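# Fold and contact review
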Amino acid sequence: MKVLVVKNQKDADRQGVKIFRQAYKHGARTFGLATGGTPEGLYRELCQSDLDFRDCIAINLDEYVGLDGNHPQSYRYYMQSNLFNQKPFAETYLPDGMAPSAKVECTHYNWIIATNPIDLQILGIGQNGHIGFNEPGTPFTSTTHVVNLTPSTIKANSRYFKDESQVPTQALTQGIGNILQAKQILLMAFGPEKAQAVKEALTGKVTEDLPASVLQKHPHVTVLLDEAAAALLP
Ligand code: F6R
């Protein structure tokens, strides 16, 4: 695991673009993407870069159950407005939050990931150590599944909604088993509120109680932190 600490988020975003560029140069064409506040700056930098993704595939981690792609808080909408509209990809995939059968959608999504192995996966981390929407206690072998969001995740994500009652209570997410299949992983974390989770994930016991700790077992992980998120590291 390689840990890079940079001064601020802007520097991290630029560093992230370099990692994308390197991966692309070495043949990466399938990118695993995340949503949320963490990668917004990275996507902005990618949009301004000369990188061309028209021969690439994007596969996202997760989507809320019950929101369609036109809903401004859906992850499809986020991806379109933050990246795909400016930088088109050949194919883009997110779980379908409106699928009539969540079970069928999960099987289908696992098939998409298996058919298009992810070369570089971008991850953010929740304050409780979640990756994707894999909350503490999720088995490391899990594949795409429906999750009931924890009160802390609902609260954290309510900043994007009118109020907490508008936040969906369920999501479809790639499992930890899917995430571990990615050939390379880039975990990004910024701000003091991530410092504890980062410390536990990088230096603590590998345990399903802190999902991101599993990354210690992956052979090719880069962790990109600003100084605040790295503050509790030894
Ligand atoms: C988003 C995702 C989540 C976020 C995490 C951090 O697709 O999978 O795991 O990466 O909740 O969220 P932010 O970046 O908003 O702090």
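What you see is a predicted model; the values in this text were computed from it and never measured.

What counts and how
- Residues numbered from 1 in each chain as written.
- Predicted model: local features only at pLDDT ≥ 70, side-chain atom pairs only at ≥ 80, totals over all residues.
- Helix = DSSP H or I, 4+ residues; strand = E, 2+ residues; numbered from the N terminus.
- Contact = placed C-beta atoms within 7 Å.
- UniProt positions renumbered as here; feature names shortened; annotations may be inferred.
- Core = buried A, V, L, I, M, F, W, Y, C linked by C-beta atoms within 7 Å.
- Buried ≥ 20, exposed ≤ 12 C-beta atoms within 10 Å, placed from the backbone.
- Near = placed C-beta within 6 Å.
- Nonpolar A, V, L, I, M, F, W, Y, C, P; charged D, E, K, R; others polar.

Another aspect to go through is the overall build of the protein chain. Counting its secondary structure elements, the protein chain contains seven helices and 10 strands. Taking the principal axes of its C-alpha atoms as reference, the protein chain extends roughly 45 × 40 × 35 Å. Considering only contacts in the protein chain between residues 6 or more positions apart, those separated by 24 or more positions represent 80%.

A word on the UniProt feature "domain: Glucosamine/galactosamine-6-phosphate isomerase" (unreviewed entry) in the protein chain. The feature "domain: Glucosamine/galactosamine-6-phosphate isomerase" (unreviewed entry), as given by UniProt, occupies residues 21-218 in the numbering adopted here. Here residues 21-218 runs as 30% helix and 16% strand, with 21 Å between its end C-alpha atoms.

Take the nonpolar core next. By size, the foremost hydrophobic cluster in this structure holds 56 residues, and its most contacted members are Ile125, Leu187, Met188 and Val198. Sorting elements by how many residues they give to this core places strand β9 (residues 184-189) first, with five residues. Look past the residues within four positions of Ile125 in its chain and what remains in contact with it is Ile131, Leu187, Ala189, Lys194, Ala197, Val198, Ala201 and Ala212.

We now examine the site of the ligand. Close contacts around the ligand come from 14 residues, with Ala34, Gly36, Gly37, Thr38 and Gly124 the closest. Partitioning the shell around the ligand into residue classes produces five nonpolar, eight polar and one charged.

We now examine helix α2 (residues 40-48). All of the buried residues along α2 are Gly41, Leu42, Tyr43 and Leu46. On the buried face of α2, the contacting elements are α1 (9-25), α3 (75-84) and β9.

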